[in-house]
Amino acid sequence: MKRIVKNTLFIILGIYILVGCDKFLEEDLRDEIATDNFFNNDNEAILASNGLYRILHKGPLYRARGLENINQNGTDENGPNRNVNTSVFNYLIAEGVADGRGTWAALYEVVRNASFFLEKVEGNGNLSEEVHDQVLGECLFMRALAYYHLTNIWGDVPYFRELLPLDELGSLGRTPKDQIRSDMKEDLERAFDLLPGSYGNAQLGRATKWAATALKAKLHLFDKEWQLARDECLKIIDPSSGHALLDNFADVFDQSNPTAQYNAEQIFVVDFTNDNAIFNDAVTQRTDDFNPRLRDEPKNRNNRPGGPGTPTRWQLLKADMAAQGEEFNGFGFSIPLPELADQANWQPGDLRYDVTIVKEYLGYELKFPYFRKLWNLDNINSPRQRHPENYVVFRLADIYLMAAEAENELTGPDNAYFYVNKVRERAFEPDQPWSGMSQSEFREALYDERKFELCAEGHRRMDLIRWGILLDVVRNVQHRPWNNPADNIQPYHVLYPIPESEILLNPNLLESDPTNNGYR
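Rules used throughout
Residues numbered from 1 in each chain as written. Predicted model: local features only at pLDDT ≥ 70, side-chain atom pairs only at ≥ 80, totals over all residues. Heavy atoms only, no water. Helix = DSSP H or I, 4+ residues; strand = E, 2+ residues; numbered from the N terminus. Rg over C-alpha atoms; globule rule 2.2 N^0.38 Å. Buried < 20%, exposed > 50% of the residue type's maximum accessible area, 1.4 Å probe, protein only. Areas by Shrake-Rupley, 256 points an atom, 1.4 Å probe, with all protein chains shown as cover. Phe/Tyr/Trp six-rings, centres within 6.5 Å; stacked < 30°, edge-to-face > 60°. Axes fitted to C-alpha atoms, helices over the stretch in contact; angles between N-to-C directions. Parallel < 35°, antiparallel > 145°, perpendicular 65-115°, else oblique. Left-handed = near helix turned anticlockwise from the far one by under 90°. Contact = heavy atoms within 4.5 Å. Nonpolar A, V, L, I, M, F, W, Y, C, P; charged D, E, K, R; others polar. pLDDT = per-residue confidence, 0-100. Pairing = 2+ DSSP bridges. Salt bridge = Lys/Arg side-chain N within 4 Å of Asp/Glu carboxyl O. Polar contact = N/O pair within 3.5 Å; in protein donor to acceptor, adjacent residues only side chain to side chain.

J.: Mind showing me how you'd approach the overall build of the chain here?
T.: Along the backbone of the chain there are 23 helices and six strands. Taken over the C-alpha trace, the chain has a radius of gyration of 23 Å; the compact-globule value for 520 residues is 24 Å, and the two agree within 12%. With respect to the principal axes defined by its C-alpha atoms, the chain has extents near 75 × 55 × 50 Å. A total of 520 residues make up the chain; the buried ones form 61% of that total. Here the chain displays about 20,100 Å² of accessible surface, and carbon together with sulfur accounts for 47% of that area.

Right under this line is the structure:
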């Protein structure tokens, strides 16, 4: 547990808050700020809140292959195009091996600092009511988001709501996740009342009351509290939230213009920008996983269509792409698995397929399929390892499907059709609404509907876990020859082991569970 307190809030105040990265973090900042005389005005409170957003930009969280590894990889949707990252994809996870220690540390960094800021802001008479309420709401949301991930990944985890002395923090045992989530739901209810419903353009990317509602709905859904989950979803579905499904599925993912990356379907995003090249965490590397490598493409890449001595297919493709400012500049770490890439496995007429999957580009057949909706080949505005694409954490289509699931579990499919069919309206032309299903048929159909609507967006693994079907799915889906998760996955893989480095520092982490989630 000492790793949790290793990078304390003083470092956050001295480093993270003092340098901006998000569009709404671009401030005139002080050279030094001491915690004892901080939070004396609105600007200082906003700076503290900005520091929490900066932590989300860390590689082990949303910037690189952090939460993505844990929440998405090792399912029936995606895998690498070569023999890499095998510990994660092949379920070779163990204490000290792909155990998520960086993600653990970054999430507790959020918890630590949010808890401290709450203490300093609550009832602070130096702040305007508007900023006081906003910053309190943001801190409550951020802490709940961190505990949401912690309890999803590790189950019972160390829990605190105020910054304890270092020796106490470093010796905490694990608290049951049900207690943690119960408290977080209460905090999110309060955050809903405190947070604004929207922000001006300069503040886009901050948590709103609808972000708090979406997170609370997720917690209720994961805990099978169906009516509470449905009720939270309906708050966002109501037009008064300002959120709406876009008419065109492709537009949901269009971030080709770095100055116009937001849309009405997005509820909460982690905002990245390439405007400030000084700070590496201002940009994301996640896009590189979805972009192809030129060394892999196109199919028959060394063939010379014009005969001996003429350019190869890869040279021709490179030139054609360069002519429009594009390049295959990625890693190919996240491509669709064969069954997802096969259009025959999608419902006939599903327009989402061509938006989601790409097998040919500029007239060149590709060796591998890719996720079109999450790549960005623009080498001018989105160059390799310096991408400005936002990470969409919650969007409205997910909320509609959650409402459908909760309603079906409550009353059966009759009242649930409305919500799933709203998502399907734009997916088919002509429309192909659901009807005539039993409750169990609806439930199982929704397993695939969420896959086709949300694939590669970071929801799949936790969905499969909460449905209790992760092992069956992984064992029965077709993987590529270099991956063999079906041979390795075990029941205990629904949770990760507490990181080995944390146990070495704090043996109390094993007091309530000497098996460390089954890994011992």
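From this point on, the discussion continues.
J.: I keep staring at the packing of aromatic side chains and nothing clicks. Help me out?
T.: In this structure the tally under the stated criterion is 28 aromatic pairs. Ring centres 6.0 Å apart and planes at 45 degrees place the aromatic pair F328 and W375 in the tilted group. With F328 in the loop between α14 (313-322) and β3 (335-336) and W375 in the loop between β5 (364-371) and β6 (391-395), this residue pair connects regions lying 47 residues apart in the sequence. A relative accessible area of 4% means that F328 is categorised as buried. When the ring of W346 is compared with that of Y353, the centres are 5.3 Å apart and the planes differ by 85 degrees; the resulting orientation is edge-to-face. Y353 shares its class with W346; the two are buried.

J.: Please clarify how the packing of helix α8 (residues 129-154) against helix α11 (residues 209-222) should be interpreted in this entry.
T.: Each pair of packed helices can be summarised by the angle the axes make with each other and by the distance between the axes. Here α8 crosses α11 at 25 degrees, and the two axes come no closer than 10 Å. Between α8 and α11, the angle is such that the two are roughly parallel. As for the relative orientation of α8 and α11, their crossing is left-handed in sense. The segment α8 lies against α11, with F141, A144, L145, Y148 and N152 engaging A211, A212, L215, K218, L219 and F222. In terms of residue class, the contact of α8 with α11 is built from nine nonpolar, one polar and one charged.

J.: What am I meant to see in the confidence of the model for the chain here?
T.: Caution applies to low-pLDDT regions: their predicted coordinates should not be interpreted in detail. For the chain, per-residue confidence averages 92 on the pLDDT scale, and residues scoring 70 or more make up 91% of the total. Scored below 50 in pLDDT, residues 1-34 makes 103 contacts in the model with residues more than four places away or belonging to other chains.

J.: Explanation requested: unusual backbone geometry in the structure shown.
T.: Across residues other than glycine, the phi torsion is negative in most instances, and most of the peptide bonds are trans. The omega angle of the peptide bond from E297 to P298 is -5 degrees, so this bond is cis rather than trans. Structurally, the position occupied by P298 is in the loop between α13 (286-290) and α14. Note that the residue after E429, namely P430, is joined by a cis bond; omega there is 5 degrees. In this structure, P430 sits in the loop between α18 (417-424) and α19 (439-454). Of note in the backbone geometry, N85 takes a positive phi value of approximately 55 degrees without being a glycine. Among the secondary structure elements, N85 is positioned in the loop between β1 (78-79) and α6 (86-89). Using a relative accessible area of 23% as the deciding quantity, one classes N85 as partly exposed. Within the chain, Y91 stands out as a residue other than glycine whose phi angle is a positive 55 degrees. Mapped onto the fold, Y91 is located in the loop between α6 and α7 (101-121). The exposure class of Y91 is buried, given its relative accessible area of 3%.

J.: Honestly, the pairing of β6 in this entry has me stumped. Any pointers?
T.: Note on strand geometry: in a regular strand, side chains alternate between the two faces of the sheet. Of all the five residues making up β6, five are buried; the element is thus mostly covered by neighbouring parts of the structure. Summarising the sheet, strand β2 (residues 266-270) and β6 pair through four bridges and their orientation is antiparallel. Residue pairing for β6: V269 is matched across the bridge by V392.

J.: Got a minute to help me understand the pattern of salt bridges in this structure?
T.: Note that side chains of opposite charge can pair when their charged atoms are close. Counted according to the given criterion, the structure contains 40 salt bridges. Residue R190 is joined to E122 by a salt bridge in which the shortest nitrogen-to-oxygen separation is 2.8 Å. Separated by 68 residues along the polypeptide, R190 in helix α10 (residues 177-194) and E122 in the loop between α7 and α8 bring together distant segments of the chain. In this structure, the salt-bridge partner of E405 is R466, at a minimum N-O distance of 2.7 Å. Pair noted here: E405 is in helix α17 (residues 396-411) and R466 is in helix α20 (residues 460-467), with a separation of 61 residues, a long-range link.

J.: Explain the side chain of N263 to me, please; I cannot follow it from the model alone.
T.: Structurally, N263 is set in the loop between α12 (226-237) and β2. A polar contact is formed between the side chain of N263 and the backbone nitrogen of E265, at a distance of 3.0 Å. Once residues within four sequence positions are removed from consideration, N263 is found in contact with L246, D251 and V252.

J.: In this structure, what is going on with the environment of F89? I would like to understand it.
T.: With respect to the secondary-structure elements, F89 resides in helix α6. Setting aside anything within four residues of it in sequence, one finds F89 in contact with N73, G74, N78, G79, P80, V84, F333, N483 and P485.

J.: It is not clear to me how α18 should be interpreted in this structure. Could you clarify?
T.: A turn of α-helix holds 3.6 residues, and therefore any two residues three or four places apart point the same way. When you tally the buried positions in α18, you get six out of eight residues, the bulk of the element. Turning to α18, its buried residues are Y417, Y419, V420, N421, V423 and R424.

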